[in-house]
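Here is what each chain is made of, one letter per residue.
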Amino acid sequence: MKRFSLSLTALVLGLFLATSAHALEPGSEAPGFSLPGIDNTTEGAAIALDQYQGKVVYVDFWASWCGPCRRSFPKLEALHQQYGDQGFEVIAINLDEQEADAHEFLDKHPVSFPIAWDPEGKVAGEYKLKGMPSAYLLDRDGKVHHVVVGFDEKKDAAAIEAAINQLTGE
Amino acid sequence: MKLLGRIVVLLAALQLLACTQVQPWERGHLARPEMALTTDPMANTLRSHIHHSKEASSSVASGSGGGCGCN
């Protein structure tokens, strides 16, 4: 009976360990992806990370139901406008289950950067998001430079802009 | 009888396999207003504030409740 309860404890512990995951850290290689584009891209064309080689890329994960995402979009649009000609790109990956929800959001918060759609959260799983929104600023070598979880207009926006400024200037 | 007990415990443990962490990007349904603990977070905060000032205590509950893991 003792051995049995021991193995039962091990089983339960194992289940807990299996669910914990480590997020992407700065310096690690950003996982590649190829997702259907749903806005600001050629109709029916996929958005793949390797199309953006040599650029400073801001990979943003968002959903229509996420409050801070709403606040982050105007700022991202401004950064995209400002740093676009210096090799800065934004890829916004939507995680809504229904594509219509994403379009409703985009009608209210219009942006000019491409929107990809990951309804099953496959890419989100590979990036091991800790919260919503989550964003990964990648340098020109495709390595993670800066991780943003949540979005605070004052604190995060300034830090993101400083990092973009540094990376595009390199 | 002892064997039956073990089988029951094992079956109960197997149920744990169904337990999984809801990932941050899967909280769309939890973020809906009808999933919130209170219908009016602001009224609830106010009521809680008054309650705790009258009781001269402090609250351990968070102010507004929702299922979205947003900051």
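Placed above this text is the structure.
To start, this report covers the structure provided alongside it. (Residues numbered from 1 in each chain as written. Chains lettered and ligands numbered in written order. Predicted model: local features only at pLDDT ≥ 70, side-chain atom pairs only at ≥ 80, totals over all residues. Heavy atoms only, no water.)

1. Some details on the overall build of chain B
Spelled out, the test is: Under the scheme used here, helices are H or I runs from DSSP no shorter than 4 residues and strands are E runs no shorter than 2 residues, and both carry numbers assigned from the N terminus. Computed with a 1.4 Å probe, the accessible areas rest on the Shrake-Rupley method; for each residue, only the protein chains presented here act as cover.
When its secondary structure is counted, chain B shows two helices and zero strands. For chain B, the exposed area adds up to about 5700 Å²; of that, 63% sits on carbon and sulfur atoms.

2. What to know about the state of the cysteines
In a disulfide, the sulfur atoms of two cysteines are held together by a covalent bond. All names here are of chain A. The cut-off we apply is this: Two cysteine sulfurs form what is called a disulfide whenever their separation falls within 2.5 Å. Partly exposed describes any residue whose relative accessible area lies between the buried limit of under 20% and the exposed limit of over 50%, with all areas from a 1.4 Å probe on protein chains only and scaled to the type maximum.
In total, this model carries one disulfide over all chains according to the counting rule given. A disulfide bridge connects Cys66 with Cys69, and the sulfur atoms are separated by 2.3 Å. As the torsion about the S-S bond is roughly 85°, the Cys66-Cys69 disulfide counts as right-handed. Residue classification places Cys66 among the buried positions, given a relative accessible area of 0%. Cys69 gets classed as buried once you look at its relative accessible area, which sits at 0%.

3. Focus: the side chain of Asn94 of chain A
Residue and element names in this part refer to chain A. Under the convention used in this document: It only takes one pair of heavy atoms within 4.5 Å for two residues to be counted as in contact.
Position of Asn94 among the secondary structure elements: in strand β4 (residues 88-94). By relative accessible area, Asn94 is classed as buried at 0%. If sequence neighbours within four positions are ignored, Asn94 has contacts with Trp62, Ala63, Ser64, Ala102, Ile115, Ala116, Trp117 and Asp118.

4. A look at the nonpolar core
Side chains of a nonpolar character, in soluble globular proteins, are inclined to be buried together. Residues and elements named next belong to chain A. Here is the rule: Residues belong to one nonpolar core when they are buried, are Ala, Val, Leu, Ile, Met, Phe, Trp, Tyr or Cys, and are joined through side-chain atoms within 4.5 Å.
Core analysis: the largest hydrophobic core is formed by 54 residues, its most contacted members being Phe61 and Tyr127. For this core, the element with the highest residue contribution is strand β3 (residues 56-62), accounting for six residues. Dropping the residues within four chain positions of it, Tyr127 is found in contact with Leu24, Ala30, Pro31, Phe33, Leu49, Phe61 and Tyr136.

5. Some points on helix α3 (residues 99-108) of chain A
All names here are of chain A. For the record, the criterion: Starting at the helix axis, one direction is taken to each C-beta atom, and the arc is that of these directions.
Among the residues of α3, Ala102, Phe105 and Leu106 are the ones counted as buried. Along the axis of α3, the buried residues cluster in a sector spanning 100°; they form a single face. Away from the buried face of α3 by more than 90 degrees, exposed residues Ala100, Asp107 and Lys108 are located. The elements touched by buried residues of α3 are β1 (34-39), β3, α2 (67-83), β4 and β5 (115-117).

6. Quick word on the pattern of salt bridges
Between side chains of opposite charge, a pair can form as their charged atoms come close. Residues and elements named next belong to chain A. The condition is simple: The salt bridge definition used is simple: a Lys or Arg side-chain nitrogen within 4 Å of an Asp or Glu carboxyl oxygen.
Counted under the stated rule, the structure contains seven salt bridges over all chains. One salt bridge in this structure joins Lys143 and Glu29, with 3.9 Å as the shortest N-O distance. Pair noted here: Lys143 is in the loop between β6 (134-138) and β7 (144-149) and Glu29 is in the loop between α1 (2-19) and β1, with a separation of 114 residues, a long-range link.

7. Here's the deal with the sheet that holds β4 of chain A
Residue and element names in this part refer to chain A. Under the convention used in this document: Following DSSP output, two strands are said to pair if at least two bridges run between them. Axis definition: a line fit to C-alpha positions, over the contact stretch in the case of helices; interaxial angles, taken between N-to-C directions, run 0 to 180 degrees.
With respect to topology, seven strands assemble into an open sheet ordered β2-β1-β5-β4-β3-β6-β7, the strand pairing being mixed. Whereas interior strands pair on both sides, the edge strands pair on one side only; in this sheet they are β2 (46-48) and β7. Taking the axes of each pair of neighbouring strands and ignoring which way they run, one obtains an average angle of 30° across the sheet. With five bridges joining them, β3 and β6 adopt antiparallel strand pairing. Residue pairing across strands places Asp60 opposite Ala135, the latter belonging to β6. Across the sheet, α2 touches β3, β4 and β5, and the angle it forms with β4 is around 155°.

8. A short note on the environment of Tyr127 of chain A
Summarising the element assignment, Tyr127 of chain A is placed in helix α4 (residues 122-127). Remark: the alpha-carbon pair of Tyr127 of chain A and Gly32 of chain A, spanning 95 residues in sequence, is separated by 9.7 Å.

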